[in-house]
Amino acid sequence: MAEGAGTGPRLAELLAAGRRLWEEVENGAEPSTGAPAVQDKVRQGLDALQRAAAMVAQLDLFSENEELEEIASADLKYLLLPALLGAMTLKQVDLSRRLEHLESARAQFWRFLKLCSSYGLGSFHLPPASPPGEEDAESPSPGGPAAAQPSLVAMASNRQAKIERYKQKKELENRLASMGTFVESGQADEDQIREFYILQIQKWINTSLEEIESIDQEMVILRSRGTGKQPPAPPHGTSRQGRTPLKPFILTRDAAQAKVFGAGYPGLPTMTVDDWYEQRRRQGVVSGQSAPQRAPGIADEELQKQQQEKKEEEDDEEALQKARNWDDWKDTHPRGYGNRQNVG
């Protein structure tokens, strides 16, 4: 059986310091818990609470085999140490260690709830010792819609439990506010001090249940992000930002066509396919091929058209001369020349 006098003033000072720092962080005026001054308080608070918890373990103040009545009234407040450690652990903002902090805080909250359950403090269902695994969250429930019905009942029950916890929390806060000044002033007797500490424990039971539920949800999100595949990075030297932007131009099949389009569209430069490939080869974008190969699956009609054009340019002198005459005529007659339709 633990005695209040055996704890010593040093343990009480560590608990008081840790709790005061937690309240300053929780209710502080700093806009963010990531501020250096706030994180300095978090480190100091964790150090004080961890040292106090080590002393409680060394003194063996609490045992699951004893009854609540066997605990001295002055020692009841030390039951809060695991819950305070869990709350302060969550105030750390190192994102690279976020999952580690969540696991540590959850273990502290669960240890507090387990201790309270063994002493019969509060009426609640003890959460599982470890958070639900990814396989439980991802595996489909067997039996289809019929098997999903119990989960709906569980959700409704969980919602009702949350409502009850919220009402209880508000009632406890009001009672603690009315008793706090009276106890801290030293005017309360032992029964009032005992009731005050038990009310604090019950308040932290509700807080711990809420925090464990929130931690489990966040851990599922963090683990799903960690296992998600990242899109592959582009190969070195092929980044879009590293390429020189192309200026607009007209791509032609040969030099003759380039002259035609150059005359008809003086605002845009012209470039043959061979010139274009040579320019891209110098920029290192394409290999040293002089011209593109015919893509597989090209339409037969396009192939016949190319063969006909090649024949006109190489074999049939008369057809070539007609084509040149037509090109010359277009050079001196703009598009739409001679069109008098709809002209009054």
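Scroll up to find the structure this text is about.
Everything quoted here is computed from the prediction, not taken from an experiment.

Novice: Requested: an account of the overall build of the chain, with residues and values cited.
Specialist: Counting secondary structure elements, the chain contains 11 helices and 2 strands. Taken from the N to the C terminus, the helices and strands of the chain come in the order α-α-α-α-α-α-α-β-α-β-α-α-α. Evaluated residue by residue, the chain yields a buried proportion of 27% over its 344 residues. Nonlocal contacts in the chain, meaning residues at least 24 apart in sequence, comprise 65% of its contacts between residues at least 6 apart. Accessible area of the chain: about 23,300 Å², with a carbon and sulfur share of 51%.

Novice: A description of the pattern of salt bridges should follow, citing residues and the corresponding values.
Specialist: If you walk through the whole model with that rule in mind, you get 13 salt bridges. The salt bridge partner of Lys-41 is Glu-24, with a shortest N-O separation of 3.2 Å. One end of the pair, Lys-41, is in helix α2 (residues 36–59); the other, Glu-24, is in helix α1 (residues 8–27), and 17 residues separate them in sequence. We note a salt bridge from Arg-106 to Asp-216, for which the minimum N-O separation is 2.7 Å. Here the residue Arg-106 occupies a position in helix α4 (residues 98–118), and Asp-216 occupies one in helix α7 (residues 190–227), the gap between them amounting to 110 residues. Owing to a relative accessible area of 2%, Arg-106 belongs among the buried residues under this scheme. Taken together, the shared-partner salt bridges connect Arg-20, Glu-24 and Lys-41 into one network.

Novice: I'd love a proper account of α2, names of residues and values included.
Specialist: A rise of 1.5 Å per residue sets the reference length of α2, with its 24 residues, at 34 Å; its end C-alpha atoms lie 35 Å apart and thus fit the reference within 8%. Buried within α2 are the following residues: Val-38, Gln-39, Val-42, Gly-45, Leu-46, Ala-48, Leu-49, Ala-52 and Val-56. Residue Asp-60 follows α2 closely and has a positive phi angle near 55 degrees.

Novice: Which residues make up the layout of surface pockets, and what are the values?
Specialist: Roughly 830 Å³ of volume is contained in the largest pocket. Lining the largest pocket are 30 residues, and of these Arg-19, Trp-22, Glu-23, Lys-203 and Trp-204 sit closest to its centre. Mapped onto the lining of the largest pocket, the elements with two or more residues apiece are α1, α3 (81–89), α4, α6 (145–184) and α7. For the lining of the largest pocket, the leading source of residues is α1, giving 9 residues. In terms of residue class, the lining of the largest pocket is built from 15 nonpolar, 3 polar and 12 charged.

Novice: An account of the nonpolar core is needed here, citing residue identities and associated values.
Specialist: Grouped together as the largest cluster of nonpolar side chains are 55 residues, with contacts concentrated most on Phe-62, Leu-79, Phe-112, Leu-121 and Ile-205. Where this core is concerned, the elements lending two or more residues are α1, α2, α3, α4, α6 and α7. The biggest single contributor to this core is α7, with 11 residues. When near neighbours in sequence (up to four residues on either side) are disregarded, Leu-121 contacts Leu-68, Leu-79, Cys-116, Ile-198, Ile-201 and Ile-205.

Novice: Which residues make up the environment of Glu-13, and what values do they have?
Specialist: Positionally, Glu-13 belongs in helix α1. A residue is classified by how much of its surface remains accessible, and Glu-13, at 48% relative accessible area, is partly exposed. Separated by 35 residues in sequence, Glu-13 and Ala-48 have C-alpha atoms that sit 8.9 Å apart.

Novice: Would you mind going over the packing of α3 against α4 in detail, with residue names and values included?
Specialist: At a minimum axis distance of 7 Å, the contact between α3 and α4 shows a crossing angle of 160 degrees. By the angle between their axes, α3 is roughly antiparallel relative to α4. The handedness of the crossing between α3 and α4 is left-handed. Residues Pro-82, Ala-83, Leu-85, Gly-86, Ala-87 and Thr-89 of α3 form the contact with α4, whose own contacting residues are His-101, Ser-104, Ala-105, Gln-108, Phe-109, Arg-111 and Phe-112. When grouped by side-chain class, the residues that make up the contact of α3 with α4 number 7 nonpolar, 5 polar and 1 charged.

Novice: Run through the side chain of Gln-200, naming residues and quoting values.
Specialist: With respect to the helices, strands and loops of the structure, Gln-200 is situated in helix α7. Exposure remark for Gln-200: the relative accessible area of 9% places this residue in the buried category. Residues in contact with Gln-200, not counting those within four places in the same chain, are Arg-19, Leu-80 and Leu-176.

Novice: I'd like a rundown of the packing of α2 against α3, residues and numbers included.
Specialist: Where α2 meets α3, the axes come as close as 10 Å, and the angle between the chain directions of the two elements is 155 degrees. With respect to each other, α2 and α3 are oriented roughly antiparallel. Remark: the crossing between α2 and α3 carries left-handed chirality. Taking contact as the criterion, the partners of Lys-41, Val-42, Gly-45, Leu-46, Leu-49, Gln-50, Ala-52, Ala-53 and Val-56 in α2 are, on α3, Leu-81, Leu-84, Leu-85, Met-88 and Thr-89. Residues of the contact of α2 with α3, tallied by class, amount to 10 nonpolar, 3 polar and 1 charged.

Definitions and limits used
- Residues numbered from 1 in each chain as written.
- Predicted model: local features only at pLDDT ≥ 70, side-chain atom pairs only at ≥ 80, totals over all residues.
- Heavy atoms only, no water.
- Helix = DSSP H or I, 4+ residues; strand = E, 2+ residues; numbered from the N terminus.
- Buried < 20%, exposed > 50% of the residue type's maximum accessible area, 1.4 Å probe, protein only.
- Contact = heavy atoms within 4.5 Å.
- Areas by Shrake-Rupley, 256 points an atom, 1.4 Å probe, with all protein chains shown as cover.
- Salt bridge = Lys/Arg side-chain N within 4 Å of Asp/Glu carboxyl O.
- Expected span 1.5 Å × (residues − 1).
- 1 Å grid on protein atoms, 1.4 Å probe; cavity = no way out; pocket = protein on both sides within 12 Å on 5 of 7 lines; lining within 4 Å.
- Points joined across faces, edges and corners; volume = space filled by probe spheres on them.
- Nonpolar A, V, L, I, M, F, W, Y, C, P; charged D, E, K, R; others polar.
- Core = buried A, V, L, I, M, F, W, Y, C linked by side-chain atoms within 4.5 Å.
- Axes fitted to C-alpha atoms, helices over the stretch in contact; angles between N-to-C directions.
- Parallel < 35°, antiparallel > 145°, perpendicular 65-115°, else oblique.
- Left-handed = near helix turned anticlockwise from the far one by under 90°.

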